[in-house]
Every structure is written in structure tokens, then in C-alpha cells.
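Single-letter residue listing:
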Amino acid sequence: MMTDNKSPAAIAEALGGRLKQARLNHDMTQAEVAALAGLSRKVVLNAEKGKVQLEGLVAIMVALDLTAQLEHFLPPQTISPLQLSKLQSKQRQRASGQRKTKDEEPLEW
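Parameters at a glance
Residues numbered from 1 in each chain as written. Predicted model: local features only at pLDDT ≥ 70, side-chain atom pairs only at ≥ 80, totals over all residues. Heavy atoms only, no water. Helix = DSSP H or I, 4+ residues; strand = E, 2+ residues; numbered from the N terminus. Contact = heavy atoms within 4.5 Å. 1 Å grid on protein atoms, 1.4 Å probe; cavity = no way out; pocket = protein on both sides within 12 Å on 5 of 7 lines; lining within 4 Å. Points joined across faces, edges and corners; volume = space filled by probe spheres on them. Nonpolar A, V, L, I, M, F, W, Y, C, P; charged D, E, K, R; others polar.

Describing the environment of leucine 70
Logical step 1: Counting through the fold element by element, leucine 70 comes out in helix α5 (residues 70–73).
Logical step 2: Sequence separation between leucine 70 and valine 58 is 12 residues; the distance between their C-alpha atoms is 8.7 Å.
Logical step 3: Setting aside its immediate chain neighbours within four residues, leucine 70 contacts Met61 and Pro75.

Some details on the layout of surface pockets
Logical step 1: The computed volume of the largest pocket comes to approximately 400 Å³.
Logical step 2: Lining the largest pocket are 15 residues; nearest its centre among them are Leu15, Arg18, Leu57, Met61 and Phe73.
Logical step 3: With six residues, helix α1 (residues 8–25) is the single largest residue contributor to the lining of the largest pocket.
Logical step 4: Per-class residue counts for the lining of the largest pocket are 10 nonpolar, four polar and one charged.

Any link to function would need more than the numbers given here.
Structure (C-alpha cells):
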């Protein structure tokens, strides 16, 4: 599936078609996938049309044993050097030196 110059709706529809083919390859009905995923059959139907929420898609992928594909679908992202330097600049660099000592008397109210 080439995603160049395709709308998000067209890409979602193509992914839905792949999801349907995966279901058919597993020789499962929409109702069977829905039962395994804990969803309604209508959610599976809509997913195959490319109209599904992320949690529903993941549940269907689990039911079809396609979770290994998630690593290829959206691989883990590394932190860019620029973002890393921003995060490190917010780290505490030194102690304030204002620690209370045990010799102090407790406050009386």
C-alpha cells in the first residue's frame, strides 16, 4: 500500500481491507472475531471499512493474532537529540542546601 498522496480516509479504507483479508485468511466470521475481541459485530464491520477507533483496531488485531504486526505498523520511536537536550536541561543540577537538621525544635501550634 503506497500512502503517497492518499488521504487519511483512503489509507484507513486500505487498512480495513487488509484487516478483512486477514479475517478471511483465518477462516473466521465477523461475529467470531467480534466475540474474541469483546466487541460488537458492527465494530468489526466498520473496522473493515476503515472506520474504527484505535482500541477497537487493537482488539481485533489481538483476536486475529496480528499483534506482532504492530511493531512494523508503528515501530517504537527514539528520542531525538534535540528533545533529549530539552529534557536534560530541566533536570535538577544541584541541591539547594536548605535541608533541615535534626536539632531544630518542632513548631508549637
